[in-house]
Amino acid sequence: MRRSLAFTTAFAALCTAGTALVPTSAAAQEVRFMCYSDGNECEVYDEVLDRFEADNPGITVAIDVVPYQAILENLPVQLAAGEGPDIAKVTDLGGLNEYYLDLEPFVDAGYWEESFGGTLDWYRGGPDRQGIYGMHSQLTVTGAFVNATLFEQAGVDLPGAGASWDDWATAARAVSDATGAPFPMAIDRSGHRVAGPAISYGAALFDDNGDAILVDDGFTAFVQQFVDWHEDGTIARDVWAGQGGATYQDAAQEFINGDLVFYYSGSWQVGRMDEQVGDFFDWQVIGSPCGPAGACSGMPGGAGIVGFAETEHPDAVAAVIDFLAQEDIYAEVSARTRNIPGHLGVAGAGVEFQDASDGAKAALNAFAGSLPDIHPAAFAYQGYAGNRAMFGITVERVSQAIVGELSVEEAMERARADLEAAMAESN
Amino acid sequence: MATTNEVGAPRVPTSPSIEAATVKAKGDSIALRLIAPIMRLVEIPFLALQRLLGVNRLAWVFLLPNLILFGLFAFLPIILNVFYAMTGGDNVLLEDRPFVGGSNFDTLSSCSDFLDPNSCVKDKFWRAVWNTSWFVTLQVGFMVGFSLLTAIILNRDIRARGFFRSVFFFPVLLSPVVVALIWKWILQREGVLNAFLDWTTIGGYNWLIDAQWAFTWTVFLSVWAHMGFYTLILLAGLQAIPRDVYEAALMDRASAWRTFTKITLPLLAPTMLVVLVLALIKGVQTFDEVYAFTGGGPGTATTFIIQYIYEEGFAGAPRLFGLAAAASLMVAGVLVLLTLIQLWINRRNVDG
């Protein structure tokens, strides 16, 4: 009896001690943050969120750094299967709206509306939803980088403000011929990237009812010009013909190597250019050239930090994102990552970009300065929930026209049919 | 060593190998004595099962774990895939997807001329089908041919035969992505091949941007990467042919060509059939190395059927799981047909 009582007591004590070692759900919450970097964003978030963890001992933020392709392809499938992270940095802002956590119950809605303004609409996926679904962490603008050193060596003047796409193509070819640089011009293999020039050529992208059409006379005119540039050697086929499907491909390395005269990409590349070009050559940002329709439009974009509704820790998720949205934290992150801020207060106060050369600062200011030139259609396109489908269709069909599988007319017919099918299948 | 054993009789000297075997046997018996009680305990439920089911049916009990795993990870996904193929929309959960019957299959097979993908509703699907057909025909043809030739050479008594056998098998050990990246670096605009061609003043070429050349290099890469595996199988088949058959042919003064066509090929036929069908199935399933090599480009020049299924179902927007499932069932049908043909030919050979 005594032995069994002693045994029972010891057993009960062991169980109690064991239970005490197991953290309760209220004591420790782990929030998983799926992050990709254009430059050093995830690294900066990791350091900044250490401070959040210090102030919030019950919350641990685990950052999983993944390639951009994983955000585009793996994340939507994970979310659809109910196996997604708690937080992610995303670029398909409206397209993933069905999975977002509405932060409004957890944050100061007035502050958020005042600080993020119109970018909040990009996360709503349509007029029916009015919550607060994400923080626009970096505002990007598409525009062109030019190798000023090559222009100088060639003795060709940089086309001035208001120069057209034709002017820049002519100048780039002249510089390439004079200096032997193999690539006069390049545009990233991306439907988002060619949207700005297409709008400048007259593309409306949406009809009068606000429904997506993608292909019209203006869009076709730009695609024809784009294909012609590939045929006459103004643009090398390596970027758009070097991949299949809708796979993204940029031409940044060719520009960094000093082989490319005119490179149409966007503001997220400034940090990379600053670090990797260094003193190799002088480069400038010239915004977006003008098209025959009278517009000189780029495309806005960027990435946002969103929480997902399926999270087990909505309070913690909202707390993390709200922390990152505070003006001082947001300003610090923008300065360290060298990104244009999407926070209106931070943008108004100006950002002192850290470790940025004078060239990089000038570039970021040039991109920011081109914001007023962005056409309203571009803002609408960026916020449209089905824009990923339209970007993918653009890349696939334009690539087929470039390599000669389809004529431009056939490619545009196919693009129309693809969009119709995609809209029919989307829920 | 003692000259007498434990009872005082003279110890008979034994050879080292017998002594080693004796030591091993003693060691084994100690191990058996330790394990035996555990095995007797395990035996009890199986004896009871054997009484219940009979000796023949007991085999199924041992197969059951593997069958369960196979069922969960092979048969169940196939059945689910059939359901997905009959649904539409872009929801991943089956219960949220609308039933569309055979609509996905109709969409995929809507063509006015099957030989012209441009005449099809899903032109990219048919481009992928024709690309895969050409790829498989060329890749399997070259691969089996080169593998046979290599196996015949490696079956001869040549110097450093072991080294050459390893060399030909080495690419098989590499990851498909590694293979693709290596050849991409060799063939890209400023790659090793163009550097060599520029040095020789022939001049380089942008191989991977040209549709024909990209396809050709894709076939080459695949043959290079997988040839070693089939060479090994054919080599085993060649070594299984009895030597006395060749000796008899030699005595009859048969020429080398006659020996090859009348003896080697017929006796190697069963092995060749296995190699052919395996190569065909693997060829149809080609994806990872080509995706890493060319991404399916330029345009759709090297887009094969598995990449099409992946892009429709997972990489594109919206994600067309139903269409991708229907396409995958059509591919599965082709593979089943190839397998049935192999079984029929095998049976004919056995019966014949």
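Residues numbered from 1 in each chain as written. Chains lettered and ligands numbered in written order. Predicted model: local features only at pLDDT ≥ 70, side-chain atom pairs only at ≥ 80, totals over all residues. Heavy atoms only, no water.

**Q** I'd like a rundown of unusual backbone geometry, residues and numbers included.
**A** Residues apart from glycine generally show negative phi values, whereas peptide bonds are mostly found in trans. The amide bond that connects B:G297 to the next residue, B:P298, takes the cis arrangement and shows omega of -5°. Along the polypeptide, B:P298 turns up in the loop between helix 11 (288–293) and helix 12 (305–315). Residue B:P318 is reached from B:A317 by a cis peptide bond, and omega for that bond is -5°. Tracing the chain through its elements places B:P318 in the loop between helix 12 and helix 13 (321–351). Located in the positive-phi region is A:L205, a residue other than glycine, with phi close to 70°. Looking at the secondary structure, you find A:L205 in the loop between helix 8 (191–200) and helix 9 (217–231). Phi at B:R253 is positive, roughly 60°, even though this residue is not glycine. Along the chain, B:R253 falls in the loop between helix 9 (243–251) and helix 10 (256–284). (Helix = DSSP H or I, 4+ residues; strand = E, 2+ residues; numbered from the N terminus.)

**Q** Requested: an account of the interface of chain A and chain B, with residues and values cited.
**A** Opposite the 31 residues of chain A that make contact, chain B presents 38 residues. Carbon and sulfur atoms supply 43% of the area that chain A and chain B bury against each other, a total of about 2,600 Å² over both sides. Looking only at chain A, the three residues that lose the most surface to chain B are A:E73, A:R414 and A:E425, adding up to 20% of its buried area. Remark: the boundary between chain A and chain B carries five salt bridges. Put simply, A:E405 and B:R127 hold a salt bridge, and the shortest N to O gap is 4.0 Å. At the surface where chain A touches chain B, the tally comes to 13 residue pairs in polar contact (both at pLDDT 80 or more). Among the elements of the structure, helix 3 (68–80), helix 17 (387–403) and helix 18 (408–425) of chain A are those that each provide at least two residues to the side of chain A that touches chain B. In terms of residue count, helix 17 of chain A provides more of the side of chain A that touches chain B than any other element does, six residues in total. (Contact = heavy atoms within 4.5 Å. Buried area = accessible area lost by both parts, 1.4 Å probe. Salt bridge = Lys/Arg side-chain N within 4 Å of Asp/Glu carboxyl O. Polar contact = N/O pair within 3.5 Å; in protein donor to acceptor, adjacent residues only side chain to side chain.)

**Q** Please provide a residue-by-residue account of the nonpolar core, values included.
**A** Within the largest apolar cluster, 187 residues are counted, with the highest numbers of intra-cluster contacts made by A:L49, A:W112, A:L214, A:F226 and A:W283. Among the elements that make up this core, the one with the highest residue count is helix 4 (residues 123–154) of chain B (12 residues). What A:L49 contacts, discounting residues up to four positions off in sequence, is A:F33, A:V61, A:I63, A:V320, A:F323 and A:L324. (Core = buried A, V, L, I, M, F, W, Y, C linked by side-chain atoms within 4.5 Å. Buried < 20%, exposed > 50% of the residue type's maximum accessible area, 1.4 Å probe, protein only.)

**Q** Lay out the confidence of the model for chain B in plain terms, naming residues and giving numbers.
**A** Mean pLDDT over chain B: 89, with 91% of residues reaching 70 or higher. Predicted as a complex, the structure gets a pTM of 0.83 and an ipTM equal to 0.82. (pLDDT = per-residue confidence, 0-100.)

**Q** For helix 3 of chain A, give the residues involved together with the corresponding values.
**A** The terminal C-alpha atoms of helix 3 of chain A, which comprises 13 residues, lie 18 Å apart, in line with the 18 Å expected from a rise of 1.5 Å per residue. At A:N74, helix 3 of chain A shows its maximal bend, which comes to roughly 40°, and the proline A:P76 appears one to four places after that position. Residues of helix 3 of chain A that are buried include every one of A:A70, A:I71, A:L72, A:E73, A:L75, A:P76, A:L79 and A:A80, and no others. Taken together, the buried residues of helix 3 of chain A touch strand 1 (29–35), strand 3 (87–90) and helix 17 of chain A together with helix 11 and helix 12 of chain B. (Expected span 1.5 Å × (residues − 1). Bend = angle between axes of the 7 residues up to and from the residue.)

**Q** With reference to specific residues and values, describe the state of the cysteines.
**A** Each disulfide consists of one covalent bond between the sulfur atoms belonging to two cysteines. Residue and element names in this part refer to chain B. In the structure shown here, the tally under the stated rule is three disulfides over all chains. A sulfur-sulfur distance of 1.9 Å marks the disulfide that ties C111 to C120. Around the S-S axis, the bridge from C111 to C120 shows a dihedral of about 110° and counts as right-handed. Under the relative-accessibility criterion, C111 is labelled buried at 17%. Judged by its relative accessible area of 2%, C120 falls in the buried class. (Disulfide = S-S within 2.5 Å.)

**Q** Would you mind going over the side chain of A:K89 in detail, with residue names and values included?
**A** All names here are of chain A. In this fold, K89 is placed in strand 3. A relative accessible area of 0% means that K89 is categorised as buried. Among the polar contacts made by the side chain of K89, one reaches the side chain of Q138 at a distance of 3.1 Å.

**Q** Explain the packing of helix 2 (residues 41–55) of chain A against helix 13 (residues 327–337) of chain A residue by residue, including any values.
**A** All names here are of chain A. The N-to-C vectors of helix 2 and helix 13 enclose an angle of 150°; their axes lie 10 Å apart at closest approach. One way to sum up the angle between helix 2 and helix 13 is to call them roughly antiparallel. Relative to helix 13, helix 2 is oriented so that their crossing is right-handed. From helix 2, E41, V44, Y45, E47, V48 and R51 reach across to helix 13, where they touch I329, E332, V333, R336 and T337. Looking at the contact of helix 2 with helix 13 residue by residue, the class counts come to five nonpolar, one polar and five charged. (Axes fitted to C-alpha atoms, helices over the stretch in contact; angles between N-to-C directions. Parallel < 35°, antiparallel > 145°, perpendicular 65-115°, else oblique. Left-handed = near helix turned anticlockwise from the far one by under 90°. Nonpolar A, V, L, I, M, F, W, Y, C, P; charged D, E, K, R; others polar.)

**Q** Describe the environment of A:G291, listing the residues and the values that go with them.
**A** Residue and element names in this part refer to chain A. Mapped onto the secondary structure, G291 falls in the loop between strand 7 (283–287) and strand 8 (300–307). Put simply, G291 and G392 are 101 residues apart on the chain and 23 Å apart in space, counted from C-alpha to C-alpha. If near-sequence neighbours (up to four positions away) are discounted, G291 is found in contact with W165, S200 and Y201.

**Q** Provide a residue-level description of the pattern of salt bridges, including the pertinent values.
**A** Per the stated rule, a full pass over the model turns up 25 salt bridges over all chains. For A:E41, the salt bridge is made with A:K89, and the minimal N-O distance between the two is 3.7 Å. Of this pair, A:E41 sits in helix 2 while A:K89 sits in strand 3; the two residues are 48 residues apart in sequence, bridging distant segments of the chain. Among the salt bridges present, the one from A:R193 reaches A:D188, with a minimum N-O distance of 3.0 Å. Each member of the pair, A:R193 together with A:D188, is buried. Connected through shared salt-bridge partners, A:R397, A:E405, A:R414, A:D418, B:D123 and B:R127 make up one network.

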